[in-house]
Structures are given as structure tokens and as C-alpha cells.
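Here is how the chains run, residue by residue.
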Amino acid sequence: MSDCPTNGFPPSPQGACEKDGAQQGRRGIVPVGGPQGSRPALSLPSGLFFCALGGAVASSTFSFLAPVFVGYGYVSAADCGGTRGRLMGAAAALVAAVALSFSLGASSVVAAIASCLVALVAVEALLSGRLTPGLGCLVVAGAAVCTFGADSLVAATRGTTVAADVESLLSLYAEEFSSVSVTAASLVQQVRSVLSVLWPTAYVVSAFGSYLFAVIGAGAAARKTTERTIAVPRLVDYDLPLWVVAVLVAAAAVLAFGLTVDGPAADAALMASANVVMGLRLAFAAQGLAVLVWFLNRNGSGALTKALLGALALYLEVQFVVLTVVGLVDVWANLRHLPRGESSGAQGTA
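We now examine the nonpolar core. The biggest cluster of nonpolar side chains holds 41 residues, and the ones touching the most others in it are Tyr-74, Val-75, Val-123, Leu-127 and Tyr-211. Broken down by element, this core gets its largest block of residues, 10 residues, from helix H4 (residues 106–127). Residues in contact with Val-123, not counting those within four places in the same chain, are Gly-71, Tyr-74, Val-75, Ala-214 and Ala-218. In terms of nonpolar packing, the next biggest core, distinct from the first, is built from 12 residues, Cys-137, Val-245, Leu-248 and Leu-280 among them.

A few words on the packing of helix H9 (residues 242–260) against helix H12 (residues 322–333). Relative to each other, H9 and H12 sit at 130°, their axes nearing to 10 Å. By the angle between their directions, the pair H9 and H12 is classed as oblique. Considering only the axes of H9 and H12, their crossing is left-handed. Side by side, H9 and H12 meet where Leu-242, Val-245 and Leu-248 of the first sit next to Leu-328, Val-331 and Trp-332 of the second.

A complete count under the given rule lists 9 salt bridges for this structure. Residues Arg-234 and Asp-237 are paired through a salt bridge, measuring 2.8 Å at the closest nitrogen-oxygen approach.

Here we come to the packing of H9 against helix H10 (residues 264–298). As a packed pair, H9 and H10 sit with axes 8 Å apart at the nearest point and diverge in direction by 145°. Between H9 and H10 lies a crossing whose hand is left-handed. Contacts between H9 and H10 pair Val-244, Val-245, Val-247, Leu-248, Ala-251, Ala-252, Val-254, Leu-255, Phe-257, Gly-258 and Leu-259 from the former with Ala-266, Ala-269, Leu-270, Ser-273, Ala-274, Val-276, Val-277, Leu-280 and Phe-284 from the latter. By residue class, the composition of the contact of H9 with H10 is 18 nonpolar, 2 polar and no charged.

The gaps left among the atoms become clear once a water-sized probe is rolled over them. By volume, the largest pocket amounts to about 1400 Å³. If you trace the largest pocket, you find 50 residues lining it, with Val-140, Phe-208, Gly-279, Leu-282 and Ala-283 closest to the centre. Broken down by secondary-structure element, the contributors of at least two residues to the lining of the largest pocket are helix H5 (133–157), helix H8 (201–222), H9, H10 and helix H11 (303–320). With 13 residues, the single largest contributor to the lining of the largest pocket is H10. Looking at the lining of the largest pocket residue by residue, the classes come out as 40 nonpolar, 6 polar and 4 charged. In this structure, the second largest pocket spans a volume of roughly 300 Å³.

Position of Gln-287 relative to the elements: it lies in helix H10. Relative accessible area serves as the criterion here: at 0%, Gln-287 is assigned to the buried category.

Aromatic rings considered in pairs are described by the distance between their centres and by the relative angle of their planes. Evaluated as defined, the whole model comprises 6 aromatic pairs. Summarising the aromatic geometry, the rings of Phe-148 and Trp-199 are spaced 6.0 Å apart at their centres and angled 45° between planes, so their arrangement reads as tilted. Here Phe-148, found in helix H5, pairs with Trp-199, found in the loop between helix H7 (182–198) and H8; they are 51 residues apart in sequence, far enough to count as distant. A relative accessible area of 33% means that Phe-148 is categorised as partly exposed. Since its relative accessible area comes to 13%, Trp-199 is described here as buried.

Bringing the confidence of the model for the protein into the picture now. Summarising the model, the protein shows a mean pLDDT of 85, and 84% of its residues fall at 70 or more. In the model of the protein, helix H13 (residues 344–349) stands out as the element of lowest mean pLDDT, 40, in contrast to helix H2 (residues 44–58), which has the highest, 96. Under a pLDDT of 50 for its full length, residues 1–5 has, in the predicted model, 2 contacts with residues more than four places off or in other chains. Taken together, the stretch residues 15–39 has pLDDT below 50 and engages in 7 contacts with residues farther than four places along the chain or on a different chain.

Turning our attention to the state of the cysteines. Disulfide: a covalent bond connecting the sulfur atoms of a pair of cysteines. Summed over all chains, the structure comprises 0 disulfides. We note that Cys-116 lacks a disulfide partner, and the nearest cysteine sulfur, in Cys-51, lies 8.9 Å from it. Judged by relative accessible area, Cys-116 falls into the buried class, the value being 0%.

Across its 12 residues, H12 extends 16 Å between first and last C-alpha, which sits within 8% of the 16 Å expected from 1.5 Å per residue. Looking at H12, one finds that the buried residues are Leu-323, Thr-324, Gly-327, Asp-330 and Val-331. Around the axis of H12, the buried residues are gathered within 125° of arc, so they sit on the same side. Residues of H12 that are buried in the fold lie against H9, H10 and H11.

Here we take up the side chain of Thr-147. One can find Thr-147 in helix H5. According to the relative accessible area criterion, Thr-147 is buried, its value standing at 17%. Within polar-contact distance, the side chain of Thr-147 engages the backbone oxygen of Ala-143 at 2.7 Å. Setting aside its immediate chain neighbours within four residues, Thr-147 contacts Val-110, Ala-114 and Tyr-203.

Here we take up a nonpolar patch on the surface. Taken together, the side chains of Leu-169, Leu-172, Tyr-173, Phe-177 and Val-180 make up a nonpolar region of the molecular surface, amounting to roughly 480 Å² of accessible area. Assignment of secondary structure puts Tyr-173 in helix H6 (residues 162–178). A residue is classified by how much of its surface remains accessible, and Tyr-173, at 43% relative accessible area, is partly exposed.

Criteria and thresholds
- What you see as residue numbers is a count from 1 along each chain, following the sequence as written.
- Under the rules for a predicted model, residues below a pLDDT of 70 receive no local features and side-chain atom pairs below 80 are neither given nor counted, while totals for whole chains, interfaces and linings still include all residues.
- Neither water nor hydrogens contribute to the side-chain values; these are computed over all heavy atoms in the structure.
- Residues enter a nonpolar core if they are buried and are Ala, Val, Leu, Ile, Met, Phe, Trp, Tyr or Cys, with the set joined through side-chain atoms within 4.5 Å.
- Only protein chains enter the calculation, and the probe is 1.4 Å; a residue is then buried if its accessible area is under 20% of its type maximum, exposed if over 50%, and partly exposed in between.
- Helix and strand definitions here come from DSSP, where helices need a minimum of 4 consecutive H or I residues and strands a minimum of 2 consecutive E residues; each element is numbered from the N-terminal end.
- Contacts are assigned to residue pairs with any non-hydrogen atoms lying within 4.5 Å of each other.
- Axis definition: a line fitted to C-alpha atoms, limited for helices to the stretch in contact. Angles are taken between N-to-C directions and run from 0 to 180 degrees.
- Convention used here: angles under 35 degrees read as roughly parallel, angles over 145 as roughly antiparallel, angles from 65 to 115 as roughly perpendicular, and any remaining angle as oblique.
- Note on convention: near helix rotated counterclockwise from far helix by under a right angle means a left-handed crossing. Clockwise means right-handed.
- Salt bridges are counted wherever a side-chain nitrogen of Lys or Arg sits within 4 Å of a carboxyl oxygen of Asp or Glu.
- When residue character is reported, Ala, Val, Leu, Ile, Met, Phe, Trp, Tyr, Cys and Pro are called nonpolar, Asp, Glu, Lys and Arg charged, and the others, Gly included, polar.
- Here a cavity denotes grid points, spaced 1 Å and computed from the protein atoms alone, that fit a 1.4 Å probe unable to get out, and a pocket denotes an open set having protein on both sides within 12 Å along at least 5 of 7 lines; residues with an atom within 4 Å of a point are the lining.
- Grid points are joined across faces, edges and corners, and a volume is the space filled by probe spheres set on the points.
- In this scheme Phe, Tyr and Trp rings, the latter by its six-membered ring, pair at centre separations within 6.5 Å, and the angle between planes marks the pair as stacked below 30 degrees, edge-to-face above 60, and tilted otherwise.
- Per-residue confidence from the predictor is given as pLDDT, running between 0 and 100.
- Here, the term disulfide refers to a pair of cysteine sulfur atoms separated by no more than 2.5 Å.
- Residue count minus one, scaled by 1.5 Å, sets the expected span of a helix.
- In this description, one arc is meant: the one made by directions from the helix axis to the C-beta atoms.
- Two N or O atoms form a polar contact when they lie within 3.5 Å of each other; inside protein one atom must be a possible hydrogen donor and the other a possible acceptor, and for residues adjacent in sequence the pair counts only when both atoms belong to side chains.
- Like charges within 9 Å and nonpolar side chains (Val, Leu, Ile, Met, Phe, Trp, Tyr) within 5 Å are joined into patches, using only residues over 30% in relative accessible area that form no salt bridge.
- Using the Shrake-Rupley algorithm and a 1.4 Å probe, accessible areas are obtained, with residue cover drawn only from the displayed protein chains.

Following this line, the structure appears as C-alpha cells:
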């Protein structure tokens, strides 16, 4: 049998079969749109769509998910459109957030804008390779302060303050539960005394959640980029700088002053320092969780073991501040043997 069948037709000239085969081998079968990797897996329209979707979600009940979409869309727009894509992505997120939350009131507009801005700032730092744990702390702190200031201005237009609104809300809950039983009334009174001091921490928790979800969304999009490599931070490399410890020590000193001295100044110092300590607890708990992940990876633990021990660690953190203590110790003792001070790149990718 011939290697170049003619199927009943006159035979091709000598060499034609080899030529056709060579051409076929050169051409091959390529997917639609060109060879693999010839165009990015992301596109500018899809990036703008996700940015606008994030802005829309920021004005809804599921606003905590908004930074995921904004982070994903902003990385897509930046990867495909460069500076123009970044500007268009930021505009799409903010315009959608304002447009859909405007009818809900000024407070909703402030919350939606703050959620989008935290995501945009965090992802922009990630794209520029400057997203470190220290910068993350500054972003979260700045977002919390700006959101509190904006809410204070909104409350001032109504002739009240944020503290007064919180106090009235706590009083309302205390009146509702006081009629249930004496035990419930006592418990509510204890919770009220704590919340009356620590309510500003809610702004820090909200900003921290927006920051975390923004990094998650940006990391999902970074895996699909083709024209550049984006260093997505890993939890196991999380390492706080020493100045965060200095802020914690200063806040603890002010907290001790507020607990031992009476007066309006002492009360203000107590409230401010207590909220700073509680806010920094999130940062050090994350470092403690990073130590746990490093230990489990080192010992080759499976996914189920990691999930169970992670849940147990979070429970112990809530009850006994275990992860926070481990994170604080790791800053000084370097339990993971990280190359601190030896390579700026290693610290930057953390």
C-alpha cells in the first residue's frame, strides 16, 4: 500500500505528498483565536463589567463581596488596558456604587464608596509590587478613619453624632432584653459597657474585610494574566514590620493610663487606645495564622487537617487570644526563619 493514497485518482507528482505533509505539519491544528497564549485570558470589557458589578454589589445587602469583584475587574482592566484601563475600571466601580446607593441615603453612599476605594487602593499597590503587611495596615487604618469621618459629617448634618447614634441603639436593645429576665438584663448591660467603648473597631473590621476580599479577587485575576507576573501575597509569608509592634506597645501604655486615671481625658484615651489594640489584634492574629500554616505545610498535613486545625485555632483566638500571642512572638523570634533584612524582594512579596 502506498504511503500517499490516491483514492482512484491519478498519482500526484513526486514530492507532492511530502510537501503537503510538511505544510500540514507546519500548519497543524490551532485553536480559534490563534495559538495558545497569543492573547490574554482576560479582556477589558470583562474587567469593566466586574468593576461595575462590584460597585453595584457594594450598595446591596452583600456589600462585603464587592471588593472581590472590584479587585478581579481592576486587575483585568489594568492588564488589558494599562493606565486607560485602570482609570476606566475605577470610574466604573465608583459610578455604579454611587448611582445604586444614592437613593438609600448618604450613609449608604459613603459605605459603598469606601468599600470600592479600599479595593482599588489595595489592588493598585499589588499591581505596583508594593503591597506589604505594613502597607496593608496603613490602608485598613486609613479606610477606617476616613469612613468614620464621613459618617461623622453625615451625622452632623442631622444634628447628632455617631457616638450618640450608637448609644441610642444600645439603649434600645438594652430596654428590649431587660424585660426578658434578670440574667438577660445583666448580660446585656455587660455587653453594652464593652460595646460603648469598642464600637469604633467595627470600622476597622469592615475595612479589613474589604482589604482581604480585594486581595482574594485580585489574586484570582492575576492567575489569568499573560503579559506580566503579579506577585500575589501568600499567607505563609505574612510578616509584620517592627513599627506595628511599636504602635501596639504605645497603645497598651495609653490603655494602662486610661484604666488607672479618671476624667474626660482618660476616658478618651481609654477609648482610642482600646480600639487601636483591638484593630492591631487582627494583624497579629493573621501573623499567628501564618505561623500555623507554615508549620502544617512543613509537616505535610492534608487539607482536612489544615481546615480542622485552622478552625480550632480561630476558636482559641476568640476565647484566649492564642493566634495574637503567637503572631507577636513570631515578630521577635522569627519562628519561620524568614530572611528578614537579607532581601527586600522577600519582604515585599510578603
